[in-house]
Amino acid sequence: QVQLVESGGGLVQAGGSLRLSCAASGRAFSTYVVGWFRQAPGTEREFVAAITGRGSTTSYADSVKGRFTISRDNAKNTVYLQMSSLKPEDTAVYFCAAGGIFKLARENRGYDYWGQGTQVTVSS
């Protein structure tokens with residue numbers, strides 16, 4: 001069992017930066033793939049980024065590639081999403097999730113555990 005808590009969301013102007021954190025409790029966190037997803041009002045939840053258990057491999061949605069960076073510190077049981085050059089279309093609730101299969105990292109069904117989400121709002 002893994003519990004996930006996101007933090008770091010807030011209101012930022014376009015062009016600004018935010019760093020989201022996903023803190024995990026539970027055993028064997030370093031064995032889990034962790035992903036970030038986001039959901040804007042009236043839309044489906046969409047994949048943002050994912051990282052393997054040891055942090056050796058990452059994956060990004062095309063819409064955030066070059067602007068967002070996912071990383072993890074397994075000693076702290078935490079995964080980060082550094083977001084830069086933010087755009088109004090990045091506004092959404094951001095969720096982190098933990099699962100076991102990297103080839104499913106872009107899909108909701110690839111994850112067993114989800115956090116409650118943190119709101120990110122980018123003003124123009």
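Here, the structure is the one placed above.
The numbers attached to residues start from 1 for each chain and follow its sequence in the written order. For this predicted model, a pLDDT threshold of at least 70 governs which residues receive local features, and a threshold of 80 or more governs which side-chain atom pairs are given and counted, while totals over whole chains, interfaces and linings are taken from all residues. To obtain the side-chain values, all non-hydrogen atoms of the structure were included, while hydrogens and water were left out.

Student: Mind laying out the pattern of salt bridges, listing which residues take part and the relevant values?
Tutor: A side chain of one charge can pair with a side chain of the opposite charge if their charged atoms are brought near each other. Within this document, salt bridges are pairs made up of a side-chain nitrogen of Lys or Arg and a carboxyl oxygen of Asp or Glu, the two lying within 4 Å of each other. Throughout the structure, instances matching the rule amount to five salt bridges. Put simply, Lys65 and Asp62 hold a salt bridge, and the shortest N to O gap is 3.3 Å. Connected through shared salt-bridge partners, Arg38, Glu46, Arg67 and Asp90 make up one network.

Student: Before we move on, could you go through the side chain of Asp90 and cite the residues and values that matter?
Tutor: To qualify as a helix, a DSSP run of H or I must reach at least 4 residues; to qualify as a strand, a run of E must reach at least 2; elements of each kind are numbered from the N terminus. Position of Asp90 among the secondary structure elements: in the loop between strand S8 (78–83) and strand S9 (92–99). Polar contacts here mean pairs of N or O atoms no more than 3.5 Å apart (in protein, one a potential hydrogen donor and the other a potential acceptor; neighbouring residues in sequence count only if both atoms are side-chain atoms). A polar contact is formed between the side chain of Asp90 and the backbone nitrogen of Lys87, at a distance of 2.8 Å. In this structure, Asp90 is in contact with Arg38, Arg67, Phe68, Ser85, Val120 and Val122, ignoring residues within four places of it in sequence. Any two residues whose heavy atoms approach within 4.5 Å are treated as being in contact.

Student: Explain the packing of aromatic side chains to me, and be specific about the residues and the numbers.
Tutor: Each Phe, Tyr or Trp ring (for Trp, its six-membered ring) is paired with any other whose centre lies within 6.5 Å, and the angle between the two planes then decides the class: stacked below 30 degrees, edge-to-face above 60, tilted in between. Per the counting criterion, the structure on display carries five aromatic pairs. An angle of 65° between the planes, with centres 5.9 Å apart, marks the rings of Tyr111 and Trp114 as edge-to-face. A connected cluster of aromatic rings, assembled from ring pairs, spans Phe37, Phe47, Tyr111 and Trp114. The ring of Phe29 has Arg72 lying over it, and the distance from NZ or CZ to the ring centre is 4.6 Å. Two thresholds decide whether a charge sits over a ring: the Lys NZ or Arg CZ must be within 6 Å of the ring centre and within 35 degrees of the ring normal.

Student: Break down the state of the cysteines for me, with residues and values.
Tutor: Simply put, disulfide is the name for a covalent bond between the sulfur atoms of two cysteines. Note that a disulfide, as used here, is simply two cysteine sulfur atoms within 2.5 Å. The full count for this structure, using the stated rule, is one disulfide. Bridging Cys22 to Cys96, the disulfide has an S-S length of 2.1 Å. One quick way to see it: the torsion about the S-S bond of Cys22 and Cys96 is about 70°, and its sign makes the bridge right-handed. Taken together, the positions of Cys22 in strand S3 (residues 18–25) and Cys96 in strand S9 put the pair 74 residues apart, joining distant regions of the chain.

Student: Outline the nonpolar core, listing residues and values.
Tutor: Grouped together as the largest cluster of nonpolar side chains are 37 residues, with contacts concentrated most on Trp36, Leu81, Met83 and Tyr94. Of all the secondary-structure elements, those providing two or more residues to this core are S3, strand S4 (33–39), strand S5 (46–51), strand S7 (68–73), S8, S9, strand S10 (111–114) and strand S11 (118–123). Dropping the residues within four chain positions of it, Leu81 is found in contact with Leu18, Arg19, Leu20, Trp36, Val48, Ala49, Phe68, Thr69, Ile70 and Tyr94. Working definition of a nonpolar core: buried Ala, Val, Leu, Ile, Met, Phe, Trp, Tyr and Cys residues. They are joined through side-chain atoms within 4.5 Å. Remark: exposure states derive from per-residue accessible area (1.4 Å probe, protein chains only) relative to the maximum for the residue type, with buried under 20%, exposed over 50%, and partly exposed in between.

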